[in-house]
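For reference, the chains in residue letters:
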Amino acid sequence: MVKRREEEWQRYYAAWPLKRPVMAKVVSDYFVRLHSHNFAWIHSLHYGVLRAHLYFRPTAPAHSTHHSAVSHLSLAVPSSATTMYQAGYHQNTAPPDMAQLQATMRSIELACSSIQMHANPAAAEATILSLNQSPQPYQACQFILENSELANARFLAAGAIRDAAIREWSFLETDYKKSLIRFCWLFIMKHAGSHEGYVQAKVASVAAQLLKRGWLDFTAADKEAIFLEVKQAVTGSQIVDVQYMGINFLESLVSEFSPSTSTAMGLPREFHEQCRTSLELDYIKEFYCWAQDAALNVSHRIIGSDSAIPEAKVCSAALRLMLQILNWDFKGKKNAVESSKRGLDVYCGDIKPESNFLGRSECILVQPGSLWRDVLISSGQVGWILNLYGALRQKFSCEGYWLDCPLAVSARKLIVQFCSITGTIFPSDGGYMQRQSLVQLLSGIIQWIEPPNAVLKAIECGRSESELLDGCRALMSMAAVSTPLVFDQLLKSLRPYGTLTLLSVLMSEVIKCLMENLSEEETWSWVARDILLDTWTALLTLDSSGHNDLLPPEGISAAANLFAIIVESELKAASASAFSDDNEYDYLHASVSAMDERLSSYALIARVASGATIPFLTTLFSERITRLHQGRGTTDPTETLEELYSLLLIAGHVLADEGQGEIPLVPKDIQAQFTDVVDADKHPVVILSGSIIRFAEQSLDPEMRTSFFSPRLMEAVIWFLARWSSTYLMPPEENKGNKSGENNNDAQVRLEHSKNALLSFFGEYNQGKLVLDIIIRISLTTLVSYPGEKDLQGLTCYQLLHGLVRRKNVISHLVSLDSWRDLANVFANERGLFSLNAAHQRSLAETLALSASGMKTSEASNQYIKSLTNHMTANLAELSCKNDLKHIAQQPDILLLVSCLLERLRGVASASEPRTQKAIYEMGFTVMNPILIFIEAYKHESVVVYLLLKFVVDWVDGQIIYLEARETAAAVDFCTRLLQLYSSHNIGKISVSLSNSLLSEADTERYKDLRALLQLLANLCSKDLVDFASESLEAYGVSISQVVFMGLHIVTPLITLELLKYPKLCHSYFSLLSHMLEIYPEVVAQLNVEAFGHIAETLDFGLHHQDGEVVDLCLRALKALASYHYKEKGMGKVGLGSHATISKDPGGKVQEGVLSRFLCSLLQLLLFEDYSTDLVSSAADALFPLILCEQNVYQNLVNELIERQTNQMFRLRLTNALQSLTNSNNLSTTLDRVNFQRFRKNLHSFLIEVRGFLRTL
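Being a predicted model, the structure only gives us computed values, none of them experimental.

Engineer: Please explain the overall build of the protein chain as it appears in this structure.
Structural biologist: When its secondary structure is counted, the protein chain shows 59 helices and two strands. Intrachain contacts of the protein chain at a sequence separation of at least 6 include 76% that bridge at least 24 residues. Carbon and sulfur atoms make up 52% of the accessible area of the protein chain, which amounts to about 52,300 Å² in all.

Engineer: What should I look at first to understand the pattern of salt bridges in this one?
Structural biologist: Close approach of charged atoms lets side chains of opposite charge pair. As enumerated under the stated definition, the model contains 44 salt bridges in all. A salt bridge links Arg276 to Glu273; the nearest nitrogen and oxygen atoms lie 3.1 Å apart. Of the two residues, Arg276 and Glu273 both sit in helix H13 (residues 269-282), three residues apart, roughly one turn of that helix. One salt bridge in this structure joins Asp954 and Arg906, with 3.1 Å as the shortest N-O distance. Placement of the pair is Asp954 in helix H45 (residues 942-959) and Arg906 in helix H42 (residues 892-910), with a sequence separation of 48 residues. The pair Asp954 / Arg906 is uniform in exposure class, with both members buried. One salt-bridge network, in which partners are shared between bridges, spans Glu623, Arg624, Arg627 and Glu643.

Engineer: In this structure, what is going on with a nonpolar patch on the surface? I would like to understand it.
Structural biologist: Taken together, the side chains of Leu1025, Val1026 and Ile1079 make up a nonpolar region of the molecular surface, amounting to roughly 240 Å² of accessible area. Relative to the helices and strands, Ile1079 resides in helix H51 (residues 1063-1079).

Engineer: For this particular structure, what's the right way to read the environment of Asp241?
Structural biologist: Its location among the elements puts Asp241 in helix H12 (residues 240-257). Take Asp241: its relative accessible area is 26%, and that puts it in the partly exposed class. For the pair Asp241 and Ser194, spaced 47 residues apart in the sequence, the C-alpha separation amounts to 8.8 Å. Those residues within four positions of Asp241 in sequence are excluded, and the remaining contacts are Ala192, Gly193 and Lys313. Polar contacts involving the side chain of Asp241 include one to the side chain of Lys313, which spans 3.2 Å.

Engineer: Any chance you could explain H51 here in plain terms?
Structural biologist: Since the α-helix packs 3.6 residues into each turn, any two residues three or four apart lie on the same face. Here H51 spans 24 Å end to end across 17 residues, near enough to the 24 Å set by a 1.5 Å rise per residue. All buried positions along H51 are accounted for by Leu1065, Cys1066, His1067, Ser1068, Tyr1069, Phe1070, Leu1072, Leu1073, Ser1074, Met1076 and Leu1077. Of the surrounding elements, those touching the buried residues of H51 are helix H49 (1008-1025), helix H50 (1040-1051), helix H52 (1081-1084), helix H53 (1089-1103) and helix H54 (1108-1130).

Engineer: Before we go on, may I ask you to explain the packing of aromatic side chains in this structure?
Structural biologist: The way to describe two aromatic rings as a pair is by their centre distance and the angle between their planes. The full count for this structure, using the stated rule, is 29 aromatic pairs. Between Phe330 and Trp372, the aromatic rings sit 5.4 Å apart at their centres with planes inclined by 70°, giving edge-to-face as the arrangement. Pair noted here: Phe330 is in the loop between helix H15 (311-326) and helix H16 (336-341) and Trp372 is in the loop between H16 and helix H17 (373-376), with a separation of 42 residues, a long-range link. For the pair Phe330 and Trp372, a shared accessibility class is recorded, and that class is buried. Judged by centre distance (5.9 Å) and plane angle (20°), the rings of Trp724 and Tyr728 are stacked. Of the two residues, Trp724 and Tyr728 both sit in helix H33 (residues 711-728), four residues apart, roughly one turn of that helix. The exposure classification of Trp724 matches that of Tyr728, with both residues buried.

Engineer: Explanation requested: unusual backbone geometry in the structure shown.
Structural biologist: It is generally the case that most residues other than glycine have a negative phi and that most peptide bonds are trans. The step from Glu450 to Pro451 runs through a cis peptide bond, and the omega angle for that step is -5°. Of note, Pro451 is situated in the loop between helix H20 (432-449) and helix H21 (452-460). For Gln136, which is not glycine, the phi dihedral falls at a positive 45°. Along the chain, Gln136 turns up in the loop between helix H6 (121-133) and helix H7 (138-147). Backbone geometry places Asn1225, a non-glycine residue, at a positive phi of 60°.

Engineer: Please explain the packing of H12 against helix H14 (residues 284-304) as it appears in this structure.
Structural biologist: A packed helix pair is summarised by two numbers, namely the angle formed by the two axes and the spacing between the axes. It is at 11 Å that the axes of H12 and H14 come closest, and there the two elements cross at 150°. Relative to H14, the element H12 lies roughly antiparallel. Seen along the crossing, H12 lies across H14 with a hand that is left-handed. For the pair H12 and H14, contact is made by Gln243, Ile247, Leu250, Leu253 and Val254 and by Phe287, Trp290, Ala294 and Val298, respectively. Residue composition of the contact of H12 with H14, grouped by class: eight nonpolar, one polar and no charged.

Engineer: I keep staring at H42 and nothing clicks. Help me out?
Structural biologist: If you check H42, its first and last C-alpha atoms are 27 Å apart, about what 19 residues at 1.5 Å a residue would give, namely 27 Å. Judged by how many residues are buried, H42 sits mostly within the fold: 15 of 19 residues are covered.

Engineer: What's the story with the confidence of the model for the protein chain in this structure? I'm lost.
Structural biologist: For residues with low pLDDT, the predicted coordinates do not support detailed interpretation. Here the protein chain averages 83 in pLDDT, and 84% of its residues register 70 or above. Within the protein chain, H15 carries the highest mean pLDDT (96), whereas helix H3 (residues 40-56) carries the lowest (31). Considering only residues more than four positions removed or in separate chains, one finds that residues 333-349, a stretch of pLDDT under 50, has 28 contacts. In this model, residues 583-589 is a region of pLDDT below 50 whose contacts with residues beyond four sequence positions or in other chains number 22 contacts.

Engineer: Would you mind showing me how to read the environment of Val254 here?
Structural biologist: With respect to the helices, strands and loops of the structure, Val254 is situated in helix H12. Residues Val254 and Ala208 lie 46 residues apart in sequence; the distance between their C-alpha atoms is 8.4 Å. Not counting residues within four places of it along the chain, the set of residues in contact with Val254 comprises Phe287, Leu321, Gln324, Ile325 and Trp328.

Engineer: Help me understand the environment of Gly690 in this model?
Structural biologist: Within the secondary structure layout, Gly690 lies in helix H31 (residues 684-697). Separated by 72 residues in the primary sequence, Gly690 and Phe762 place their C-alpha atoms 10.0 Å from one another.

Engineer: Which parts of the structure should I look at to understand the side chain of Ser252?
Structural biologist: Along the chain, the position of Ser252 falls in helix H12. Setting aside its immediate chain neighbours within four residues, Ser252 contacts Ala204, Ser205 and Ala208.

Conventions used here
- Sequence order as written defines residue numbering, which begins from 1 separately in each chain.
- Under the rules for a predicted model, residues below a pLDDT of 70 receive no local features and side-chain atom pairs below 80 are neither given nor counted, while totals for whole chains, interfaces and linings still include all residues.
- Just so you know, side-chain values use all the structure's heavy atoms and leave hydrogens and water out.
- Starting at the N terminus, helices and strands are each numbered in turn, a helix being any DSSP run of H or I of at least four residues and a strand any DSSP run of E of at least two.
- Note on contacts: a residue pair is in contact if any heavy atoms of the two residues lie within 4.5 Å.
- Using a 1.4 Å probe, accessible areas were evaluated by the Shrake-Rupley method; residue-level cover was limited to the displayed protein chains.
- Any carboxyl oxygen of Asp or Glu that lies within 4 Å of a side-chain nitrogen of Lys or Arg is treated as forming a salt bridge with it.
- Only protein chains enter the accessibility calculation, which uses a 1.4 Å probe. A residue is then buried if its area is under 20% of the maximum for its type, exposed if over 50%, and partly exposed in between.
- Only residues whose relative accessible area exceeds 30% and that form no salt bridge enter a patch; like-charged residues are grouped when within 9 Å of one another, and nonpolar side chains (Val, Leu, Ile, Met, Phe, Trp, Tyr) when within 5 Å.
- Here a polar contact is taken to be a pair of N or O atoms separated by no more than 3.5 Å, where protein atoms must pair a possible hydrogen donor with a possible acceptor and residues adjacent in sequence count only if both atoms sit in side chains.
- Helix span, expected: 1.5 Å multiplied by one less than the number of residues in the helix.
- Whether two aromatic rings pair depends on their centres lying within 6.5 Å, for rings of Phe, Tyr and Trp, where Trp uses its six-membered ring; planes under 30 degrees apart make the pair stacked, over 60 edge-to-face, and the rest tilted.
- Helix axes are fitted to C-alpha atoms over the stretch in contact, other axes to C-alpha atoms as well, and angles between N-to-C directions run from 0 to 180 degrees.
- In what follows, roughly perpendicular refers to angles from 65 to 115 degrees, roughly parallel to angles under 35, roughly antiparallel to angles over 145, and oblique to any angle outside these ranges.
- With the far helix as reference, a near helix turned anticlockwise by less than a right angle produces a left-handed crossing, and one turned clockwise produces a right-handed crossing.
- Side-chain classes are defined by residue name, with Ala, Val, Leu, Ile, Met, Phe, Trp, Tyr, Cys and Pro counting as nonpolar, Asp, Glu, Lys and Arg as charged, and the others, Gly among them, as polar.
- pLDDT runs from 0 to 100 and stands for how confident the predictor is about each residue.

Shown next, in the form of structure tokens:
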């Protein structure tokens, strides 16, 4: 029960969206282990700790958004914690006062009990927090650990030692640091037999973290002294509990030194990397040997005992540590992956040098290097672990529970990990030693999975499936480190058949079992199926050199048999799902993309045996078509149609790969299988493709369409055509092979001839144009005849048609087809396609506009765009001129018309290219006045307003850099009028009270028009960065910077601090603001006090935002603002002028200058608040010019901060650190790249030195 609660809390806490303070983590880490009968109190504790953290945080001025002065930084201590603080446990130099220590311990115990009993939790939480945050609490914490009878209190005391030591490490004496580590070590040794294991684990973890923190400070002798005691405990002790705790400490240590599991210490990454490298080179191999010795010493007693003995716990822990070390990310100089990247032939071709395989199942390659050969390979380690597991397995074979006991699980996991050992640990002997190691491993693993039918039957009868699943993982690991030929040979020394045959049979049995239990979700058979699929994927995925060996004949036959079973099971399930309403077949009804990963793995298996599998698919498809026609009008075709649906998806994955932005080639395995086929119309791929295309063409017949082609089946048809056409339809010449056959051997020549025959059949000079015409006619039919089918229309618009116009070799033929002109005419001049949803309207318009690049001349392209858009622009212009527009605008048909036309114009605007820029500009110019009229008419229709704004945004984005000065002036004038009109109607002005009621991301879409306006301003900015105009804008009196700042002045009053809490709007706003302050800082001084004040207020808000990207944008803006002011003042100019000087508001209250205010706010952030260490460099870039601009303010703040330090040692350290911040590394007052880099280094060192104790005091 406790373990389950720990797991629940870990999942809950990992999902916690806020920044987790250190104390919240400590308390949550501890209290999840309480043996409480009520899980809910843990949640209340977490909330309480957060409240307490905020209460204890350095206080800020009353106005929450401005943390403006270091003088305000103080620590509030609530009265409930005063007694504890006065108890004196923060002192370590004075002799121990037993009464005070006892009082402290009782306070902590009472607080723990109070929280558990829900008695005055706020005061209890404050007490616990004060212990954790008080300076130097070591004496009191050690007293609690040694004397408290409450495990909860001991756990908290250990955590407090850790936090205080990490925080105060820089000013603790070296001997005292070592004494803290030794205290923790002696504590876990003394209490090794305690039943409160979570306390021992916590103390061991604290010792490991403190040892890492001092790793670079301690001498080699210091470390040796510590590890000598650890080694004696692990290998020399005869006390089982001592051994176990020694191993547990090493587990914690390895975990802390591993980058993926290390604990944050507020130190640079370089520190963690240096520690990791040192441990790997000097100690981690020794740790492995100690664990190995410990397991070996107790294994004989375990095997000789007829019942469970305590030594099993030690053995299990030792094996677990060995596994953890093998999972280490080795960075040795002779790493095999690095060698292969440099082109070195490390393995002489027999063993896979590097795998790009990333499957669903975890497979970590172990590559420790040649220094580990004596330990892992030559020492007989493999034989020992196999013999240990085999002996225990045989001894406890009648005990069903044994397979899942910790010792059995640890042993199997270690065996599986041995299967993935690779790299330079093996000698350069052509892979011989690695093959022998894999054969030895397979000899033990084969018992877990063979015979497959008997093993699966036993599982169905109640046996644990864990051993089978580990056996599957072992096969996957072997596949990841070997080629298909080597993998297949492994079993032949043990059985008369190869490993591929075993893999095929095993997966066949798993699939059969899976199909019999479809009603159960995520059963073991699902897991086994995925692991075995990943095994095939690892074998058949191309390696780093871009090739892979073909399977041996036996392997090809095994793959063909497996694929046949896979397809038959999929068809059986599809047929059974035809009339089922149950959830058991939900996975068959999933979208195409949801099944893509599984079907892609099936395709790899099919391709290696494509000589058999492609004709097999053709036969199955033809049989279903024949059955469909024979039963037409007499039998229900639903089952057959479901089977055709599955066959289309499977065939599409087998024949072609997904493009992922590029034109995919014909899969190499398919090319290699048909080298003897030179007659194109007899090529199996052509036969299968032709069968499917002819079947798809039947959907053009209205009667056939009604009878057979349901929307679901048409989805598969369109998806297949989109995937297939990207590979086989009119392929570019470079995809074809070397037709001359020069410098090729006979096999290569036959391969090229076969490939060319295949690609030429559907090429532009053969059947390609005919097939293209069929595809376009099917697309038009789909869009017109299936209204409301969003998924089907989405596949047609996004994948099929959009994919065709992106290919230059296709588009020139596309625009010449009557079917394409019919599609364009229906779209532009008829209302039949108004049923498409907004996104599909936009996509189809963009696709049609992009096809203009296929015209022979630019004049023809522009004329095509005009023909496509004239009807749309005329409709909008005509509607805008109606006298009764205000009365008819709200009618549903008018709303639909306007919305559809705007979406289409957006799509055309998104397709802007230099070739069609003129026509698209004229399109936008034509509707300028209508848009302004519609803004007025639809000012209360937020959806239409947003469409109007987004059209302008997309149009400006595509046009602005190409416009001449006169055209730019017209566009800028239009945007200015649009912004003014928007502001005059107060559109988007939402009250804060209403904003507070918007609790979901969906509600924030009501503010997306504000984001659109920000995007518009950002697009206008691009004119000053990239401009192809032949004239200067100044001749027309146009200044982009003035227009943009005018727009920002209009928009920013609509954006409240409440609205900036919504992510999308926040990112858009600060991205624009940062960009503008970096590009146009000189215009800032021209803003009036109100506008500048609003920008400063939002910047201060963003500076304390929890999103690191937003904070970074604000820091960049501050850097630009302060740098501009400093440079301008240096040249005798006013810089920011009155905005940077102290003034008085109308009420007589003194107002700080904006730069001094930001200087104080940034120092507050850096010294006392939580933030990501990744922001320190950006903060340094902002802080440096702020200090130069406000040197007097900075000096006053520094003096005040120093004066507040009552501890002389702290005061001295702070004074020295502040001097180094501005004086070290030859820092000068010039704002150049070198000085910024120097100040970054200074600030990093400064924060490491002082941040810990400043946040405590």
